[in-house]
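Here are the chains, one letter per residue:
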Amino acid sequence: MPAPDATTRPNHEAAAARSAVQAPSPSPDTIPTSATGTAGFDVTVVEVPQWRGSGAPTAERLREGAKLLADMVPATHRVRVEVDDHELPETAARVRSAVSAASASGGFVVTAGGDCGVELEPVAEALRRHGDRLVVVWFDAHGDLNTPATSPSGAFHGMVLRALTGEGPAGLVADEPLDPRRIVLAAVRDLDPGETAFIQATGIQQITGPDPAALTEAITSATPDIVSSLADHASPVPGIVSPFADHASGVPGGTSAPPAPNSPSPDHASATPTSTHPSPDHASPSSDRTSPPPGRASAVPGRGSRGQGPAVYIHIDLDVLDPRIFTSVGSPAPGGLEPDQLLAMVKAAADRFEIVGLGITEYEPSRPEDQALLTPLVQRLVEACTSRRT
């Protein structure tokens, strides 16, 4: 039985049913489906058309974007969460129920937003299930590491990752804080001063360019205790060579110090009171904290190690893509990844580690060519993330 406030429907009915206005149901019926997900594996897509967490003036487009994203996912089961446009914590509670129910089946869950704030409960659920094995890879143009006190806009989509570490708006903080050292920022290039300070203080790793090898090493470095315990029991895994070494569009790959903060985002929401949970202990920051230890990647277990090595949750805000190529987002930032570069980095992570969840957010449909680009990309991303489960 799916969670309260979520509507579950089979694959072949998804498009038609979503076109109608739906009312929340306290105990919706689950309709069996014989459709299969990627490569026959059980995949559930949870659609969350939340837009009030965004500070973009075009944020209402996220409603349609969530529906379109969800329809692109090759899924066995489809669940639509009814959002509360006035209470983000209420929507978060509904997402928590939906994701928890979907995860209990043992299949793979894809969250389709909506703004980035929809990721609070899917990542929190992954942390509850995988504990210190969890590493969160955050593909995003922005850090999403503000608090109500540091955010220029007060929009929750710019605070959700910080809320996962235990500090954020009241009612929107993870029950169990995520250790910032288990976070890897990928292609983030637009940071506010408060975010930069937090990154420097906690040692969050950053991958600045399209470098798959740097990403896998950063994931390894984020879980040194797990990797060291497996080092004597796992065969060495050959290093992954970046296919973009000769054409990185002028952006060097690998980890680096945080970039200089850019101008703040437009202010479209008021700040809310801050709630905190005790943060885990952190080592003192050092000048080389953002660089993973050399040679550590060889100790990472390979494909047969599900349940033992790092467990990776992948978040993708579509503004991680270069706006010269993909423009259907509310907060574009110059630079970014090309679609094939994003896919190559996700594939590299999936080839080396267990992927335990995927979130794709912030699609504001505005051009047919963006839809044409995104449709095969989403399918390939899901296929990459589920490949080691088959």
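Residues numbered from 1 in each chain as written. Predicted model: local features only at pLDDT ≥ 70, side-chain atom pairs only at ≥ 80, totals over all residues. Heavy atoms only, no water.

Draft legend 1. Local environment of the overall build of the protein chain. Helix and strand content of the protein chain: ten helices and eleven strands. Put simply, the protein chain has 390 residues, and 57% of those count as buried. A separation of at least 24 residues holds for 80% of the contacts in the protein chain among residues at least 6 apart in sequence. Split by element, the accessible area of the protein chain, about 14,800 Å² in all, is 52% carbon and sulfur. (Helix = DSSP H or I, 4+ residues; strand = E, 2+ residues; numbered from the N terminus. Buried < 20%, exposed > 50% of the residue type's maximum accessible area, 1.4 Å probe, protein only. Contact = heavy atoms within 4.5 Å. Areas by Shrake-Rupley, 256 points an atom, 1.4 Å probe, with all protein chains shown as cover.)

Draft legend 2. Broad picture of the pairing of strand β2 (residues 43–48). Burial of β2 is extensive: six of the six residues sit out of reach of the surface. Residues Val 43, Val 45 and Glu 47 point to one face of β2 and Thr 44, Val 46 and Val 48 to the other, with burial holding for every one of them. Two elements, β2 and strand β3 (residues 77–81), share four bridges in a ladder whose sense is parallel. Across the sheet, the residue bridging to Glu 47 is Arg 80, located in β3. (Pairing = 2+ DSSP bridges.)

Draft legend 3. Region of interest: the packing of aromatic side chains. Here the structure, examined in full by the defined rule, presents one aromatic pair. For the ring pair Phe 326 and Tyr 363, a centre distance of 6.0 Å and an interplane angle of 35° mean the geometry is tilted. Of this pair, Phe 326 sits in the loop between β10 (311–317) and α9 (339–352) while Tyr 363 sits in the loop between β11 (354–361) and α10 (368–386), placing them 37 residues apart in sequence. Assigned by exposure class, Phe 326 and Tyr 363 land together as buried. Residue placement shows Arg 52 over the ring face of Trp 51; its charged tip is 5.2 Å from the ring centre. It is Arg 162 that lies over the ring of Phe 198; its NZ or CZ is 3.8 Å from the centre. (Phe/Tyr/Trp six-rings, centres within 6.5 Å; stacked < 30°, edge-to-face > 60°. Lys NZ or Arg CZ within 6 Å of the ring centre and 35° of its normal.)

Draft legend 4. Structural context of the environment of Pro 57. Take Pro 57: it is sitting in the loop between β2 and α2 (61–72). Since its relative accessible area comes to 65%, Pro 57 is described here as exposed. Spatially, the C-alpha atoms of Pro 57 and Gly 330 are 7.4 Å apart, while their sequence positions differ by 273 residues.

Draft legend 5. Quick peek at the side chain of Arg 182. Of note, Arg 182 is situated in the loop between β6 (167–169) and β7 (183–186). At 3.1 Å, the side chain of Arg 182 forms a polar contact with the backbone oxygen of Asp 132. Here the side chain of Arg 182 touches Ala 222 through a polar contact of 2.6 Å, landing on its backbone oxygen. In contact with Arg 182, not counting residues within four places along its chain, are Asp 132, Leu 134, Val 135, Val 136, Ala 222, Thr 223, Pro 224 and Asp 225. (Polar contact = N/O pair within 3.5 Å; in protein donor to acceptor, adjacent residues only side chain to side chain.)

Draft legend 6. Spotlight on the nonpolar core. Within the largest apolar cluster, 51 residues are counted, with the highest numbers of intra-cluster contacts made by Phe 139, Ile 314, Ile 316, Leu 318 and Leu 342. Sequence-distant contacts of Ile 316, that is, excluding residues within four places in its chain, are made with Phe 139, Leu 342, Val 346, Leu 358, Gly 359, Ile 360, Thr 361 and Leu 381. One finds Ala 92, Leu 145, Leu 178 and Ala 311 within the second-largest nonpolar core, a separate group that totals 31 residues. (Core = buried A, V, L, I, M, F, W, Y, C linked by side-chain atoms within 4.5 Å.)

Draft legend 7. Main features of α9. Taking 1.5 Å as the rise per residue, α9 with 14 residues should run 20 Å; its terminal C-alpha atoms sit 20 Å apart, in good agreement. With eleven of its 14 residues buried, α9 lies for the most part within the structure. On its buried side, α9 packs onto β5 (134–139), β8 (205–207), α7 (212–222), β10, β11 and α10. (Expected span 1.5 Å × (residues − 1).)

Draft legend 8. Looking closely at the packing of helix α3 (residues 88–104) against helix α4 (residues 120–130). Put simply, α3 and α4 touch, their axes get as near as 8 Å, and they point 45° apart. In terms of orientation, α3 and α4 fall into the oblique class. Pair α3 / α4 crosses with right-handed handedness. Counting all contacts with α3, which are made through Ala 92, Val 95, Arg 96, Val 99, Ser 100, Ser 103 and Ala 104, the residues of α4 involved are Leu 120, Glu 121, Pro 122, Glu 125, Arg 128 and Arg 129. Classifying every residue of the contact of α3 with α4 gives six nonpolar, two polar and five charged. (Axes fitted to C-alpha atoms, helices over the stretch in contact; angles between N-to-C directions. Parallel < 35°, antiparallel > 145°, perpendicular 65-115°, else oblique. Left-handed = near helix turned anticlockwise from the far one by under 90°. Nonpolar A, V, L, I, M, F, W, Y, C, P; charged D, E, K, R; others polar.)

Draft legend 9. Structural detail: the packing of α2 against α10. Relative orientation of the contacting elements α2 and α10 amounts to 45°, with a least axis distance of 8 Å. Classified by the interaxial angle, the pair formed by α2 and α10 is oblique. Between α2 and α10 lies a crossing of right-handed hand. Each of Leu 68, Leu 69 and Met 72 in α2 lies in contact with α10, whose residues at this interface are Gln 371, Leu 374, Thr 375, Val 378 and Gln 379. Of the residues that constitute the contact of α2 with α10, the class distribution is five nonpolar, three polar and no charged.

Draft legend 10. Expanded view of the pairing of β5. Where burial is concerned, most of β5 is hidden: six out of the six residues are buried. Side chains of β5 alternate between two faces, with Leu 134, Val 136 and Trp 138 and Val 135, Val 137 and Phe 139 buried alike. As paired strands, β5 and β7 are joined by four bridges and run parallel to one another. Along β7, the bridge assignment pairs Phe 139 with Ala 186.

Draft legend 11. How the structure looks around the confidence of the model for the protein chain. Confidence in the prediction of the protein chain, expressed as mean pLDDT, is 78, and 68% of residues score 70 or more. Scored below 50 in pLDDT, residues 277–305 makes 67 contacts in the model with residues more than four places away or belonging to other chains. (pLDDT = per-residue confidence, 0-100.)

Draft legend 12. Representation of the environment of Thr 361. Examined against the element boundaries, Thr 361 turns out to sit in strand β11. Judged by its relative accessible area of 0%, Thr 361 is buried. Placed 43 residues apart in sequence, Thr 361 and Leu 318 show a C-alpha to C-alpha distance of 6.3 Å.

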